Amino acid sequence: MVTAIVKEIITHGENDREKIAIVANGEQITYGDFSKLIKQAANYLANKGINSGDRVVLEAYPSIEFISFYFATHLLNAISVPLDVNYTEKNF
């Protein structure tokens, strides 16, 4: 089951293509382009063998790429496991 937020992003990508969806680290992306990136990331993950229910470890850093892959896992009904890139053994 695709989450409601991914459905809304895709819908905005179709209806509000030019509206800004995200601003991260000085970069911005429209809903149209963001929706496209999510679908491309989902295709990439699917081609790597990711299926519904699989866990996908993602390096969590503030970027449009990370957010795209995060939502792509949801589009595939997989489970995102974001890991903080600054996390070290000392944090355990």
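These numbers come from a predicted model, not from an experiment.

Caption draft 1: Representation of the overall build of the protein chain in the model. Of the regular secondary structure elements, the protein chain holds 3 helices and 4 strands. N-terminal to C-terminal, the α/β element order of the protein chain is α-β-β-α-β-α-β. With the C-alpha coordinates of the protein chain rotated into their principal frame, the extents come out at 45 × 30 × 20 Å. Out of the 92 residues belonging to the protein chain, those deemed buried represent 34%. Contacts spanning at least 24 positions in sequence make up 61% of the contacts within the protein chain whose residues lie at least 6 apart. Roughly 6100 Å² of accessible area belongs to the protein chain as shown, and the carbon and sulfur atoms make up 52% of that amount. Within the protein chain, the 11 negative side-chain charges are centred at a point lying 4 Å from the centre of the 8 positive side-chain charges.

Caption draft 2: Structural context of the confidence of the model for the protein chain. Confidence in the prediction of the protein chain, expressed as mean pLDDT, is 91, and 96% of residues score 70 or more. Mean pLDDT values over the elements of the protein chain span from 92, in helix α1 (residues 4–15), up to 97, in helix α2 (residues 31–47).

Caption draft 3: How the structure looks around the packing of α1 against α2. The N-to-C vectors of α1 and α2 enclose an angle of 130°; their axes lie 7 Å apart at closest approach. Judged on the interaxial angle alone, α2 and α1 are oblique. For α1 against α2, the interelement crossing comes out left-handed. Across the interface between the two elements, Ile9, Ile10, His12 and Gly13 of α1 pack against Tyr31, Gly32, Phe34, Ser35, Ile38 and Lys39 of α2. The residue inventory of the contact of α1 with α2, partitioned by class, reads 5 nonpolar, 4 polar and 1 charged.

Here is what the cut-offs are and how they apply
Residues numbered from 1 in each chain as written. Predicted model: local features only at pLDDT ≥ 70, side-chain atom pairs only at ≥ 80, totals over all residues. Heavy atoms only, no water. Helix = DSSP H or I, 4+ residues; strand = E, 2+ residues; numbered from the N terminus. Buried < 20%, exposed > 50% of the residue type's maximum accessible area, 1.4 Å probe, protein only. Contact = heavy atoms within 4.5 Å. Areas by Shrake-Rupley, 256 points an atom, 1.4 Å probe, with all protein chains shown as cover. Lys, Arg positive; Asp, Glu negative; His and termini not counted. Charge placed at Lys NZ, Arg CZ, Asp CG, Glu CD. pLDDT = per-residue confidence, 0-100. Axes fitted to C-alpha atoms, helices over the stretch in contact; angles between N-to-C directions. Parallel < 35°, antiparallel > 145°, perpendicular 65-115°, else oblique. Left-handed = near helix turned anticlockwise from the far one by under 90°. Nonpolar A, V, L, I, M, F, W, Y, C, P; charged D, E, K, R; others polar.

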